[in-house]
Amino acid sequence: MRSLSKAVTLTLNLALAACATNPVTGQREFSLMSEDKEIQLGQEQDVQVRKEMGVYADRAMQQYVNDVGLKLAQTSERPNLPWHFAVVDSPAINAFALPGGYIYITRGILPFLQDESQMAGVLGHEIGHVNARHSARQYSRSTASQLGLIVGSIFVPQTRPFAQLGESGLGLLMLKNSRDDELEADSLGAKYAARAGWDPDGIPQMLTTLERIAEASDNRGVPNWMQTHPVAEDRVQKVQAAVRDAEQGATKFTVDRDGYLKRMDGLVYGDNPNEGIVRGETFMHANLRLAIEFPQGWDVTNGQSQVSAKEPGQNRLMVLEVVQRPVGRSLQEVALRQMEGAGFRPVQGGRTTINSLDAFVGEYVGALQNIGRVGIRAAHIAHDRSVFLVAGIVPYQDYPNVEPVLTKSIDSFRALTRAEAEDVHANHVALYTAHRGDTWQGIAERAGKGIVKPSTLAIMNGHPVNEQPRVGERLKIVIPG
Ligand SMILES: [Zn+2]
């Protein structure tokens, strides 16, 4: 009863009521979302995902993933959804889906898959989430205020500094799936893969790799698969029955390891320097010729329109962005117009220089939807014919304590020299055939100049970390530049 009355309230708020049939189970389910609404929500959020995460600029790769995805989707319970598959330009290891048939796979997960059947497994798993309406159901369960966050920005639309704080909206896109939903998506993925001709064994194989990543990871930074897909040690076990079911009657499946490896050759690995790179708490952007140190221990996220840093476990944030179309004859005017336009009241401020760059640094107070009353220290810095905003935003009562940390970070903003800018390169995946006596350690040091850890190389090539490559084995390695 309680959930029903809550649902009714939500219905009134959102006017998207429907009782829909679950396409996978065939059962009627109380869901707030009709298929049309699912598609509409997917379309809207797709714009946001593409804008904030960016799409990997490799048409052949996009086409490849889309072809595999569509083939899988055609064998599924909802072949007529407007399916879209895209590789997002993120170094994180993840895949996610929006209601209505929008599926994303990160550039970062691709080198960790061994063959096409494993990639089909990842895509099939996400198709399973869409078809079983897992995310649609979760959106329905979310509170109205959360939904507001998904759809809108928390910021004043005209000026929108800190637009990406609305990326907590993106965080919500990556709603955590329940354990049961995960197991169901694994099984569905195995079914679709086998029906479309790929070896369903690709699913337990890729799950094994993802488990190894979780075990080896030091939990730094990247929002990865494990945060949105809870670890279940027995997922590999649990999916076996579905894999055997899926194998029934079929004699030959596609794996295509060689074809897959060829496509990985040259893939960008890690941060893409055209979008700026994060090294620990340092952010560097070669094209914009700038660098900044965020506070020690904060998680730095490099978004499409903004770089943000957050202190773990706290509502303390810093952002760096270009001021779009600055208005004003002086830096002070630009700063005050932007901040006041966004609803922040200046408390004090003045002209200064930061590492020889002209700047206006001010203190402001205001309110943010999720945090409440905030204190802000913001620098508007002139550099290379643009105005950059670096701002620290913290709950008002924290401000006096945190202010020195914010100031230190703001004061670290500097121009990169030409030589430094030219030295910021992307790393790439390359192929390598293992020789007698090769170890992950040796390959990592020699070919990769220590860019990736030996354990990462092992996992990337489908091995447990304590198992060395076989002689003659074709390997993915990471090389600089
Ligand atoms: Zn999942």
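Structure: see above.
Not measured: the values here are computed from a predicted model.

Draft legend 1. Main features of the overall build of the chain. A tally of helices and strands in the chain yields 17 helices and 19 strands. When each of the 481 residues of the chain is scored for burial, the buried share is 54%. At a minimum sequence separation of 6, the contacts of the chain that also span at least 24 residues come to 65%. Accessible area for the chain stands at about 21,300 Å²; split by element, carbon and sulfur atoms hold 49% of it.

Draft legend 2. Quick look at the environment of Asn315. Here Asn315 is to be found in the loop between β11 (307-310) and β12 (317-322). For Asn315, a relative accessible area of 39% corresponds to the partly exposed category. In sequence terms Asn315 and Pro395 are 80 residues apart; their C-alpha atoms lie 6.9 Å from each other. Those residues within four positions of Asn315 in sequence are excluded, and the remaining contacts are Asn370, Ile371, Ile393, Val394 and Pro395.

Draft legend 3. Structural detail: the nonpolar core. Within the largest apolar cluster, 64 residues are counted, with the highest numbers of intra-cluster contacts made by Leu72, Ile105, Leu110, Met119 and Leu123. Excluding residues within four positions of it along the chain, Leu123 makes contact with Val65, Val68, Gly69, Leu72, Phe85, Ile103 and Ile105. If you look at the next biggest cluster of nonpolar residues, it comprises 25 residues, including Val300, Ile354, Ala379 and Ile381.

Draft legend 4. Quick peek at the sheet that holds strand β4 (residues 95-98). Here we have three strands laid out as an open sheet, ordered β3-β5-β4, and mixed in their pairing. Pairing within the sheet leaves two strands with one partner each, and these edge strands are β3 (84-88) and β4. Neighbour to neighbour, the strand axes of the sheet diverge by 20° on average, direction disregarded. Running over the sheet, helix α4 (residues 116-131) touches β3, β4 and β5 (102-106) and is turned about 145° from β5.

Draft legend 5. Inspection of the pairing of β12 at higher detail. Burial of β12 is extensive: five of the six residues sit out of reach of the surface. Looking at chain direction, β11 and β12 are connected through four bridges and run antiparallel. Bridge assignment links Ser308 to a residue of β12, and that residue is Val319. Hairpin connection between β11 and β12: a loop of six residues separates the two successive antiparallel strands, and Gly313 in this loop has a positive phi of roughly 75°. Relative to strand β16 (residues 386-395), β12 runs antiparallel, the two sharing six bridges. Paired with Val319 across the strands is Ala391, a residue of β16.

Draft legend 6. Up close: the sheet that holds strand β14 (residues 357-368). Read across the open sheet, the seven strands follow the order β10-β11-β12-β16-β15-β14-β13; overall the sheet is antiparallel. At either end of the open sheet lies a strand with only one pairing partner, and these are β10 (299-302) and β13 (345-354). Taken over all neighbouring pairs, the strand axes of this sheet differ in orientation by 15° on average, direction set aside. The pairing of β13 with β14 spans nine bridges and is classified as antiparallel. In the strand pairing of β14, Gly350 is matched with Val361.

About the criteria used
- Residues numbered from 1 in each chain as written.
- Predicted model: local features only at pLDDT ≥ 70, side-chain atom pairs only at ≥ 80, totals over all residues.
- Heavy atoms only, no water.
- Helix = DSSP H or I, 4+ residues; strand = E, 2+ residues; numbered from the N terminus.
- Buried < 20%, exposed > 50% of the residue type's maximum accessible area, 1.4 Å probe, protein only.
- Contact = heavy atoms within 4.5 Å.
- Areas by Shrake-Rupley, 256 points an atom, 1.4 Å probe, with all protein chains shown as cover.
- Core = buried A, V, L, I, M, F, W, Y, C linked by side-chain atoms within 4.5 Å.
- Pairing = 2+ DSSP bridges.
- Axes fitted to C-alpha atoms, helices over the stretch in contact; angles between N-to-C directions.

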